[in-house]
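Each chain is listed here by its residues.
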Amino acid sequence: MRDFLKNIVATLICLLGIDILIRECFCRNRVAILMYHDAKSAVFARHIAYLLQHYTVISLDTLVSAIHQKDFSRIPAKSVVITIDDGHAGNIELLPLFKQYRICPTLFVCTQIVDTHRHFWFKIEGHSKAEREKLKRLPNVERLAFLKHTADFEPEKRYPERQALNIAEMKEMIADVDFQPHTQFHPILPHCTETECRQEILGSKLDLEKLLDIECSHFSYPNGDYTEREIEIVKTAGFRSARTTDIGWNTEKTAPYRLKTVPIADDAGLTLFRAQLTTIPQRLNGWVNTVLP
Ligand SMILES: [Zn+2]
């Protein structure tokens, strides 16, 4: 039912030209940071081809520098930044597209899951979406105890199947990808102790800098969850920005440690993609989820 409604809303947005209106007027001088996770290359290719026709793709670093300088004069009209979260193994399939379209997206990776056979806790089978959402609200130690008890899951356990990118793939991608950390194990930071939180943020920066011999300047909060404590730790760790999952666009007035996002469904057809660029379906979805049980 929700999918059916989502498609009707998306079709209406495109038919009425609302997406064009928002792009040409409201968002002309605001920057969308698109957020993907594990898009397949056929879907991603259609999105990028559309974006390059109607927008300018810029790097996250360019946007963050303009925000710090409070000067958007060199940011092209209708700019977007592309980010991809977690470091899923399937991301390697997108590399030919990054090269073909000459885009350099930011890939936020969990640094203790990439280049290992460890698994992402939120990909464990057998948990419903509601259960996963409930887990995200538990103190970190209780979430881990529940996962151990129900699925024999441990963050450092080695599984036969590899879920994340490995070092060979990351090295192959490094000329076309801006790798940045997304914690070590993807906990929900505000539910961690101060020590855990520091370890996850600082540790992930050190891990990735060592693994790829790079300097990391940008961070993204797992599940987009943060409080003033996380902002402070990210700042003192030496990051220049942090991306949330707060829906919206960025301007020179955006706080650099609260960068806003336009989440994109990994499997969105072109109509839903165009609609999601307006953020209307995502906001409606949030509203439906709060009013419906
Ligand atoms: Zn994530």
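Please read all numbers here as calculations on a predicted model, not as lab measurements. (Residues numbered from 1 in each chain as written. Predicted model: local features only at pLDDT ≥ 70, side-chain atom pairs only at ≥ 80, totals over all residues. Heavy atoms only, no water.)

Student: Pulling in residues and values, what's your account of the environment of Ala151?
Tutor: Along the chain, Ala151 turns up in helix α7 (residues 140-151). Its relative accessible area of 30% is what places Ala151 among the partly exposed residues. Sequence-wise, Ala151 and Trp121 are 30 residues apart; in three dimensions their C-alpha atoms are separated by 9.9 Å. Residues within four places of Ala151 in sequence aside, it is in contact with Ile124, His127 and Phe146. (Helix = DSSP H or I, 4+ residues; strand = E, 2+ residues; numbered from the N terminus. Buried < 20%, exposed > 50% of the residue type's maximum accessible area, 1.4 Å probe, protein only. Contact = heavy atoms within 4.5 Å.)

Student: How would you sum up the layout of surface pockets? Please name residues and give values.
Tutor: Its boundaries defined by the atoms lining it, the largest pocket holds a volume of some 1,900 Å³. Taken together, 45 residues form the lining of the largest pocket, with His37, Lys129, Glu133, Lys136 and Asn285 sitting closest to its centre. With seven residues, helix α12 (residues 280-291) is the single largest residue contributor to the lining of the largest pocket. Partitioning the lining of the largest pocket into residue classes produces 16 nonpolar, twelve polar and 17 charged. Taken as a whole, the second largest pocket encloses approximately 190 Å³ of empty space. In terms of lining, the second largest pocket is formed by 13 residues, of which the most central are Asn140, Leu144, Pro155, Phe185 and Glu200. Mapped by element, the contributors of at least two residues to the lining of the second largest pocket are α7 and α9 (194-212). Its residues assigned to classes, the lining of the second largest pocket comprises seven nonpolar, three polar and three charged. (1 Å grid on protein atoms, 1.4 Å probe; cavity = no way out; pocket = protein on both sides within 12 Å on 5 of 7 lines; lining within 4 Å. Points joined across faces, edges and corners; volume = space filled by probe spheres on them. Nonpolar A, V, L, I, M, F, W, Y, C, P; charged D, E, K, R; others polar.)

Student: Tell me about the pattern of salt bridges, residues and numbers included.
Tutor: Taken as a whole and assessed by the stated rule, the structure comprises 17 salt bridges. In this structure, the salt-bridge partner of Arg258 is Glu228, at a minimum N-O distance of 2.4 Å. Of this pair, Arg258 sits in the loop between β7 (241-247) and β8 (259-263) while Glu228 sits in helix α10 (residues 228-236); the two residues are 30 residues apart in sequence, bridging distant segments of the chain. Exposure remark for Glu228: the relative accessible area of 53% places this residue in the exposed category. Among the charged side chains, a salt-bridge network with shared partners connects Arg23, Glu24, Arg28 and Lys78. (Salt bridge = Lys/Arg side-chain N within 4 Å of Asp/Glu carboxyl O.)

Student: Could you give an account of the nonpolar core, naming the residues involved and the relevant values?
Tutor: Ranked by size, the top nonpolar core spans 69 residues in total, and within it Phe44, Phe98 and Phe179 carry the most contacts. Per-element accounting of this core gives the leading share, five residues, to helix α3 (residues 41-54). By size, the runner-up hydrophobic cluster in this structure holds 13 residues, among which are Leu63, Val64, Ala66 and Ile67. (Core = buried A, V, L, I, M, F, W, Y, C linked by side-chain atoms within 4.5 Å.)

Student: Any details on the pairing of strand β3 (residues 79-86)? Residues and values, ideally.
Tutor: Among the eight residues that make up β3, eight are buried, leaving the element largely enclosed by the rest of the structure. In the sheet, strand β1 (residues 32-36) pairs with β3 via five bridges, with the strands oriented parallel. Paired with Ile33 across the bridge in β3 is Val81. Of the pairings in the sheet, the one linking strand β2 (residues 56-57) to β3 comprises two bridges and is parallel in character. Looking at β3, one finds that Thr56 is bridged to Ser79. Judged from the four bridges that link them, β3 and strand β4 (residues 106-109) form a sheet pairing that is parallel. By the bridge assignment, Asp85 is partnered in β4 with Phe108. With helix α5 (residues 95-101) bridging β3 and the parallel β4, this β-α-β connection has right-handed handedness. (Pairing = 2+ DSSP bridges. Right-handed = clockwise from strand over helix to strand, strands pointing away.)

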